[in-house]
Each structure stands twice: as structure tokens, then as C-alpha cells.
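What the coordinates show
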Amino acid sequence: MPVESGNSAAARQVKQKRKSHSLSIRRTNSTEQDRPGMQRDMLEGQDSKLPMALRSNLLDLFGQIEREFENLYIENLELRREIESLNERLAGEGQTVDGGDLSKGALKTKASHSTSQLSQKLKTTYKASTSKIVSSFKATTSRAVCQLVKEYVGHRDGIWDLAVTRVTPLVLGTASAVNSIKFHPTEQMALTASGDQTAHIWRYMVQLPLPQPPADISASLDDDVDFSDKDEADGEAEGPNECPTIRVATTTLKSHQGVVIAADWLVGGKQVVTASWDRAANLYDVETSELVHTLTGHDQELTHCCTHPTQRLVVTSSRDTTFRLWDFRDPSIHSVNVFQGHTEMLLRVSPVRSISDGQRETHLLSRGMCQNGFLTEEASQLVSPLRPITTVTSAVFTVGDNVVSGSDDRTVKVWDLKNMRSPIATIRTDSAVNRISVSANQRIIALPHDNRQVRLFDMNGVRLARLPRSNRQGHRRMVCCSAWNEENQACNLFTCGFDRQAIGWNINIPALLQEK
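This report concerns the structure included in the present document. Note that residues are indexed from 1 along each chain, following the sequence as it is written. Local features in this predicted model are restricted to residues whose pLDDT is 70 or higher, and side-chain atom pairs enter the listing and the counts only when it is 80 or higher, whereas totals over whole chains, interfaces and linings include all residues. Note that water and hydrogens are dropped before the side-chain values are worked out from all heavy atoms of the structure.

In this description, strands pair whenever DSSP reports at least two bridges between them. Numbering of helices and strands runs from the N terminus; a helix is a DSSP stretch of H or I covering at least four residues, while a strand is a stretch of E covering at least two. With respect to topology, four strands assemble into an open sheet ordered 12-13-14-15, the strand pairing being antiparallel. The sheet is open, and its two edges are formed by strand 12 (302–307) and strand 15 (333–339), each paired on a single side. Each neighbouring strand pair of the sheet contributes to a mean axis angle of 20°, computed without reference to strand direction. As paired elements, strand 12 and strand 13 (residues 313–318) share five bridges and run antiparallel to each other. Looking across to strand 13, one finds that Cys306 is bridged to Val315. All axes here are fitted lines through C-alpha atoms, helices being fitted over the stretch that makes contact, and every angle between N-to-C directions spans 0 to 180 degrees.

A few words on the pairing of strand 27 (residues 445–448). Partly exposed describes any residue whose relative accessible area lies between the buried limit of under 20% and the exposed limit of over 50%, with all areas from a 1.4 Å probe on protein chains only and scaled to the type maximum. Alternating positions in strand 27 separate into two faces, Ile445 and Leu447 on one and Ala446 and Pro448 on the other, with burial throughout. Sheet analysis places strand 26 (residues 437–438) next to strand 27, joined by two bridges and oriented antiparallel. Note that in strand 27 the partner of Val438 across the bridge is Ile445. Between strand 26 and strand 27, which pair antiparallel and follow one another directly, the connecting turn spans six residues, one of which, Arg443, has a positive phi of 55°. Between strand 27 and the antiparallel strand that follows it, strand 28 (residues 454–457), lie five residues; Arg452 among them carries a positive phi value of about 75°.

The next point concerns the packing of aromatic side chains. Aromatic contacts are taken between Phe, Tyr and Trp rings whose centres are within 6.5 Å, Trp giving its six-membered ring; a plane angle under 30 degrees counts as stacked, one over 60 as edge-to-face, and the others as tilted. Taken as a whole and assessed by the stated rule, the structure comprises five aromatic pairs. The interplanar angle of 50° and the centroid separation of 6.3 Å between the aromatic rings of Tyr152 and Phe494 together place this pair among those described as tilted. With a gap of 342 residues between them, Tyr152 in strand 1 (residues 146–153) and Phe494 in strand 31 (residues 493–497) connect regions that are remote in the sequence. Three or more aromatic residues link up through ring pairs in this structure, and these residues are Phe323, Phe339 and Trp415.

Here the focus is the pattern of salt bridges. A carboxyl oxygen of Asp or Glu within 4 Å of a side-chain nitrogen of Lys or Arg is what we treat as a salt bridge. A full pass over the atoms with the stated rule returns seven salt bridges. Here Glu301 and Arg319 are joined by a salt bridge, their closest N and O atoms 3.6 Å apart. You can see Glu301 sitting in the loop between strand 11 (291–295) and strand 12 and its partner Arg319 sitting in the loop between strand 13 and strand 14 (323–330), a full 18 residues away along the chain. Owing to a relative accessible area of 34%, Arg319 belongs among the partly exposed residues under this scheme. With its nearest N and O atoms 3.2 Å apart, the salt bridge here joins Asp430 to Arg455. With Asp430 in the loop between strand 25 (425–428) and strand 26 and Arg455 in strand 28, this residue pair connects regions lying 25 residues apart in the sequence. Taking the relative accessible area as the measure of exposure, Asp430 reaches 45% and is therefore partly exposed. A relative accessible area of 9% places Arg455 in the buried class. Within the structure, one salt-bridge network assembled from shared partners comprises Asp161, Lys182 and Arg435.

Pasting the structure below:
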């Protein structure tokens, strides 16, 4: 009978010992050529409704897990040998360490490390889903704090601007056929800016309808008349219910050579300022309709103008990436400060000579003409030179010493009038910002966006809420303007847009600030 050598016997003992551990180690140490055959044998020996490809994929994943634990087991064995040798060394010095407990702790630590890596991978994989869940919770909170109260409809075109009176009775003015509307601070007068190169001052008188007594239906019970037909007959007899129309303006302000895009009252209401596409702003005397000053200096068309609520200060914004602060507090000196804070710009192509027909054309950039933020070689041959088109869409004063400016570069910046070198806060959004407004008491900034959203921020740039919007409520087109009216508890924020409607919102400001 043949006798095994010492080496072959030792190898057989090691092989039997390793087989006694687990199936995972046995499968892991098999050759890569045998693994597909083993998988096929396992698949054929088990009944399952899963497709063969899916089962193979699962087996591959389980094999990876088994290899991971096998590596942990081998490392644990090596650590145990090191601990035993350390115990022997310490025993010679009169100290001992519980090797068994420590080895278990090492295995547990290693497994915990692997578990943390798996957990981190899962977090990264499902980050998008988690973000959606969190956003849904935020939307629920916003609906509880910000509620739609009323929709004002009736315009046949988009609404560019709106304003709310500062005196009773409360009047909401919307500008659709004109570009801007502002109410006098103390009297029932409205200032509008129009595309006919003029601004008008209108005097109005609001007469609230008297409450009508309930109709006496006792006499009509004996009449054999269908109520639906009777209502239609009554409606035809009374005629359409139309609002009174003011067709003659009190004052007409002329002198601009372009579209008047905005206008506002100076403090006290004795003077008004207008902003135009002729790159100038004009200061008028209300009583005499005379031009007092022409404010020039902007390189492009003006987009907005605003006055300080308590001081003789004016801020004008323009398409030239700047807004200018005009100081009329000293009658003899009219200073001006220029601020260029919105420089995170897009690019506009200047008129260039076309390669095809030699005529001057404007070539607009498209996504295919840019790669990694740079122009392609073909685009660089077509366009020259490039200049910024960042537009400061609006700049408004707060009750304090701050100016808030918004731009189509998707940023809003808060400035301190005492130090205008750099903004004290910058708000970055995902859409262009239109005519913003700041509440007088709590100084909350309402941002109307091109993407139909309206967001609320504080003066530190912290986002407070987003007004709820869905298919059933909210704006369905670009939101053009926002206006606060904190004196009205039921409806303290108004917005308007290109969906031809204005919306009144109830913002629970104490709850909003408490959530912050």
C-alpha cells in the first residue's frame, strides 16, 4: 500500500480544516474557471421563478460579499497570531492581555468599518430620493405658512407690475397695458409709466359698494317660475358689472425719447422720478409737470427705479450691469454713486459680419456652440466681440439703510448704504429674478422668478419659504413682480405674472421666522 509523504499529509489536513469553516471560503478559493459551473449547478438544483440572468447577477453579488468576509476572517486570524505573540512577550515581562476578547473586538471593529462603508455607499446611491422626500416635507411646511387667499383675474395680457395703497381703503393696482404703477403715499393718486414715452398721474376715488339686504324670496314661492331662468333674466336686465374707468389723466409727464419702463414717488409725494429706455431718468415736479433734473450716466436701457421711503434718495437699475444711487437730500448738490455688483454674467454676441452673405447679423449662442464653458472653434470665428448682458432687473430700498438688488444672473444681493463696496449677503437662485420687494416691518425679501416660483428670504440670505405652486394654484407663467402690504392681516403679499392674474397671499410671518 502506498504511503503518503509528510508534505502531502500536511496539505490534506490544511485542506480539510479549511473545508470545515464555511461554504463561502470554499467557493471563494475555487478557481475562476470552476465558479460559473458551480453557479449553474446551484441554479439547476433549486427551483425559482427568477430569470436566469437575475439569479446569476445575485450570485455574483453574494460572491463579492463572501470574498469581503473572507478577507476579514483572514485578517482576524493574522491579528490573533499577533496578539498571541504579544501575550507571550508580555507574559515574560509579567503582564497579560486577554487575547480572545481582543481578537473578537478586532473582528468587530473591522466589520463595523465595512458596514460604515456600505452605509455611505447606500446614502450616496439614494441621495436623490432622499432629497425628494425632504423637499416634500418642506413643501408641506410652506403650504401651512404661506396660503393663497384670492386670485385677481380680468386682464387680457400679462401683468408687468402691481402696487398696493398705503392708505385706506386698500386698493390693489395692476399694470398690464402699462409698464409700472405706484400709488401716492397719502392721497388717492396713481402714477403709471407707459410705452408711449410718457408717464401719467391719475386721480381716483374709491367708493366701496354698500351691503345689499338679502332678497325676499317669500313672494316668489307662489310663482311658477324656474329659478335658473329667472336668474338669467335678471342678469340680462341689470347688464354687465363693469368697474368704473378713468380715461383722463390729471397730469402727463413728457420728455423721454424712449419707453418709460418705471416710475415712483419721492418721499412727500411732490416729485416723481421716471426711468426710460433712453438711458436716462427724469425728475418731475408734480404740481407744475416741469422737468427738474435729467439723470444720465447709464450705458444701456434702464429697467427700474425706486425711491427711499423716508429720505430723498433714488436708485436706478439698468441693463449695463449696474445700479446707481442718486442723492437729492442736499438741494445744491446731487451726488451719484455707481455700483457694479452683478458681474456673474451671460454673454451676448455683438453684431458681426456674416460669413455667408456679408450682411450684418446677430449670431446668438446656442448650446452646441459651447463646450465646457468655452466657445467652439466654429463659434469663435462667427462671434466678435463678446460683451456682458447681465441686467439688474430691480433695486429697492428697505426701511433701514439697505439696498437689495436683483438680476437675471440668478443672484440677489443685499447692500449697506454706509459701505457699498461689497454686498453683506448674496442669494443664489436657479432662475432669473424680476421686480423684488421687501417688507417694511420684518424686512423679508420676496423674489419673483422666471420659472414661475416665488421665494422668501431674510436679509441675511437665509431662505424662509417658497410659495406653493401646482396645477391648481399659483402662477402658471413667469412671475413679474411682488408687493408687500403688512397692514392687511388677511392678505399681506401680492404677486403678478404673465398668466394674466394677480394673486393675494397670506404669509404667517411669525411662524415663518420661528421655523428659521
